[in-house]
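Chain and residue survey
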Amino acid sequence: MSYLAKNYNRKKISFKYGRGSYLFSSNGKKYLDFVMGISVNSLGHAHPKLIKTINNQSKKLWHISNAFQIPEGERLAKKLCQKTFADYVMFQNSGAEATEAAIKVARRYFYSIGKPNKNRILCIKNSFHGRTLAAIFASGSKKMTEGFGPKISGFDHFKFGDHKSLKKKINKNTAAIMVEPIMGEGGIKEIPDWCLKELRKLCNKKKILLILDEVQCGISRSGDFFAFEKSKIKPDIVPIAKGIGGGFPIGAVLMNKKVAVGMIPGTHGSTFGGNPLAMAVGNTVMDIVSSKKFLKNVKSLSKYFLLKLNNIKDQYPNIIKEIRGRGFLLGIQLYKDQSKFIKKLMDNRLLTIRAAENVVRILPPLNVKKKELDKALKIINKVCSELK
Ligand SMILES: *Cc1c(COP(=O)(O)O)cnc(C)c1O
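Just so it is clear, the structure is predicted and the values come from calculations on it, not from any experiment. (Residues numbered from 1 in each chain as written. Predicted model: local features only at pLDDT ≥ 70, side-chain atom pairs only at ≥ 80, totals over all residues. Heavy atoms only, no water.)

Overview of the site of the ligand
Stated precisely, the cut-off is as follows: Throughout, the term near means that a residue has one or more heavy atoms lying within 4 Å of the molecule or strand in question. Here a polar contact is taken to be a pair of N or O atoms separated by no more than 3.5 Å, where protein atoms must pair a possible hydrogen donor with a possible acceptor and residues adjacent in sequence count only if both atoms sit in side chains. Ten residue types, Ala, Val, Leu, Ile, Met, Phe, Trp, Tyr, Cys and Pro, are classed as nonpolar, four, Asp, Glu, Lys and Arg, as charged, and the remainder, Gly among them, as polar.
Taken together, Ser 94, Gly 95, Ala 96, Phe 128, His 129, Gly 130, Glu 180, Asp 213, Val 215, Gln 216 and Lys 242 form the complete shell of residues around the ligand. For the ligand, an oxygen atom lies 2.8 Å from a polar atom in the backbone of Gly 95. Within the side chain of Gln 216, one N or O atom sits 2.8 Å away from an oxygen atom of the ligand. Considered class by class, the residues forming the shell around the ligand number three nonpolar, five polar and three charged.

Listed below in structure tokens is the structure:
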């Protein structure tokens, strides 16, 4: 029997070790891992530079309090700001903590400029921002919030793509709109660039803040460092996590100068957030995944992969409805429930994971090799032909 609580529906498989894009199971099988801890292991398993970093740092310093200077965190924050819209960074340990902290930054900004009633956050109905109490009520999902009342108030919702209701839901108490540029759990649904542009304009007009949750789609996964970059807009606040630690738990909130005024000493904190061990790893991941050459490679290889996936879709138009996403945040949307498809991929040694709307989510490591993509394509093709 297992002494672990039953809050996950785990597959009956465990792994002994991982190397690059592959996982090796306890019973000796080799799997192509296109889950990557759900967009977390950006550089695959056991990347030599990450091993070296963690070994070196582990001999120096693991953890100290945020009561002291942490040069490794200063370095990572500087890199994140120099690469993006941000002026300041606040480190956390996970995505949900980062989205919650983003909400805190937004509310605290309006409080600090004398508008404490501007505190409501407008989100997409059935979105995903994590599993803490505030984050589940931010999602507006019945399934995630059921049984976890009393309801955390302060969130309003609009339907994805429903611009009329979005505009209607903004009122004098609205502080911010919070959305994912590409919805991960929600089924790899992209907010088009023109829409992000309009969102920015709307926020400017209404004098509210734009929070873009890049926990899943950020850190080079989309082919740009941030998924919103393609739209050329600048958000006010961006929570990140998943990919930045390459497997080590790191979260962060990036913010511009304007909103940072509220975050004075004592307003927020985290015991573990930004500790030297985490920051050392974050710096190494950042150095690799944010380089121009690396991003160019993600873009070109993922374009190739997307094209081939669309070819498979054309071959099996009765099985595959749509290929979604960009970069290495991709989804195969099926007409039917995706469980059987995912199981068959796994039987053929390719690991993928579900997302909403019958989507099979595909998240290769960002440094995946072309021959590994070809191998995955072959397996996907085979499974389609078996299900035909
Ligand atoms: C995964 C995810 C989160 C929550 O991250 P955790 O580390 O699981 O708390 C928040 N927002 C988005 C968009 C995510 O994909």
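Here we look at the environment of Ser 65
For clarity, the cut-off: What counts as a helix is a DSSP run of H or I of at least four residues, what counts as a strand is a run of E of at least two, and both are numbered from the N terminus. Only protein chains enter the calculation, and the probe is 1.4 Å; a residue is then buried if its accessible area is under 20% of its type maximum, exposed if over 50%, and partly exposed in between.
Within the fold, Ser 65 resides in the loop between α2 (48-60) and α3 (71-83). By relative accessible area, Ser 65 is classed as partly exposed at 35%. Along the primary structure Ser 65 and Asn 381 are separated by 316 residues, whereas in three dimensions their C-alpha atoms are 52 Å apart. Looking at Ser 65, its side chain comes within polar contact range of the main-chain nitrogen of Ala 67, at 2.8 Å.

Concerning the domain arrangement of the chain
Put simply, the rule is: A domain assignment, automatic or from a database, supplies the domain bounds used here. Whether two residues touch is decided by their heavy atoms; if any such pair falls within 4.5 Å, the residues are in contact. By convention, the term buried area covers the 1.4 Å-probe accessible surface removed from two parts as they join, with the contributions of both added. A carboxyl oxygen of Asp or Glu within 4 Å of a side-chain nitrogen of Lys or Arg is what we treat as a salt bridge.
In terms of domains, the chain is made up of domain 1 (15-47 + 292-387) and domain 2 (49-289). Here the C-alpha centroids of domain 1 and domain 2 sit 26 Å apart. At the interface, 29 residues of domain 1 touch 29 residues of domain 2. Of all residues in domain 1, His 47, Arg 326 and Leu 329 give up the largest surface area on contact with domain 2, accounting jointly for 28% of the area buried on that side. Put simply, domain 1 and domain 2 have four salt bridges between them. We note a salt bridge from Glu 190 to Arg 326, for which the minimum N-O separation is 2.4 Å. At the boundary of domain 1 and domain 2, one finds 18 residue pairs in polar contact (both at pLDDT 80 or more). Of the residues that constitute the side of domain 1 that touches domain 2, the class distribution is 17 nonpolar, seven polar and five charged.

Here's the deal with the state of the cysteines
Test applied: When the sulfur atoms of two cysteines come within 2.5 Å, that pair is taken as a disulfide.
Within the structure shown, the criterion is met by zero disulfides. Cysteine Cys 123 shares no disulfide, and the gap to the nearest cysteine sulfur, in Cys 203, comes to 12 Å.

Focus on the pattern of salt bridges
This structure, assessed with the given rule, holds 16 salt bridges. A salt bridge links Asp 224 to Lys 299; the nearest nitrogen and oxygen atoms lie 2.9 Å apart. Note that Asp 224 is positioned in the loop between β10 (209-212) and β11 (237-240) and Lys 299 in helix α11 (residues 292-315), a separation of 75 residues in sequence. Note that Arg 324 and Glu 357 form a salt bridge whose closest N and O atoms lie 2.9 Å from each other. Linking Arg 324 in strand β13 (residues 320-326) with Glu 357 in the loop between β16 (353-355) and β17 (359-362), this pair joins segments that are 33 residues apart in sequence.

Focus on the pairing of strand β14 (residues 329-334)
In plain terms, the rule: Any two strands are treated as partners once DSSP identifies two or more bridges connecting them.
Taking burial as the measure, the six residues of β14 include six buried ones, the bulk of the element. Here β14 shows two buried faces, one formed by Leu 329, Gly 331 and Gln 333 and the other by Leu 330, Ile 332 and Leu 334. Relative to β14, β13 runs antiparallel, the two being bridged by six bridges. By the bridge assignment for β14, Arg 326 is matched with Leu 329. The loop that links β13 with its antiparallel partner β14 comprises two residues; one of these, Gly 327, has a positive phi angle of about 60 degrees. For β14 and β17, the ladder comprises four bridges, and the chain directions are antiparallel. Among the inter-strand pairings, Ile 332 is bridged to a residue of β17, identified as Val 360.

Topic: the sheet that holds strand β15 (residues 350-351)
Pairing is mixed in the open sheet, where four strands are placed in the order β1-β2-β3-β15. The strands lining the two open edges of the sheet, one partner per strand, are β1 (15-19) and β15. When strand β3 (residues 30-33) meets β15, the two strands line up parallel, connected through two bridges. Paired with Leu 32 across the strands is Leu 350, a residue of β15.

So, the packing of aromatic side chains
So the rule is basically this: Stacked, tilted and edge-to-face are the three classes applied to pairs of Phe, Tyr and Trp rings, where Trp contributes its six-membered ring and a pair requires centres within 6.5 Å; stacked means planes under 30 degrees apart, edge-to-face means over 60, and tilted covers the rest.
Throughout the structure, instances matching the rule amount to seven aromatic pairs. Judged by centre distance (5.9 Å) and plane angle (85 degrees), the ring pair of Phe 15 and Tyr 31 falls under edge-to-face. In this pair, Phe 15 sits in strand β1 while Tyr 31 sits in strand β3, placing the two residues 16 residues apart along the sequence. For Tyr 31, a relative accessible area of 7% translates into the label buried. Measuring from ring centre to ring centre gives 5.0 Å for Phe 225 and Phe 226, while their planes differ by 55 degrees; the resulting arrangement is tilted. As far as burial versus exposure is concerned, Phe 225 and Phe 226 are alike and both buried. The rings of Phe 85, Phe 225, Phe 226 and Phe 228 are connected pair by pair, giving a single aromatic cluster.

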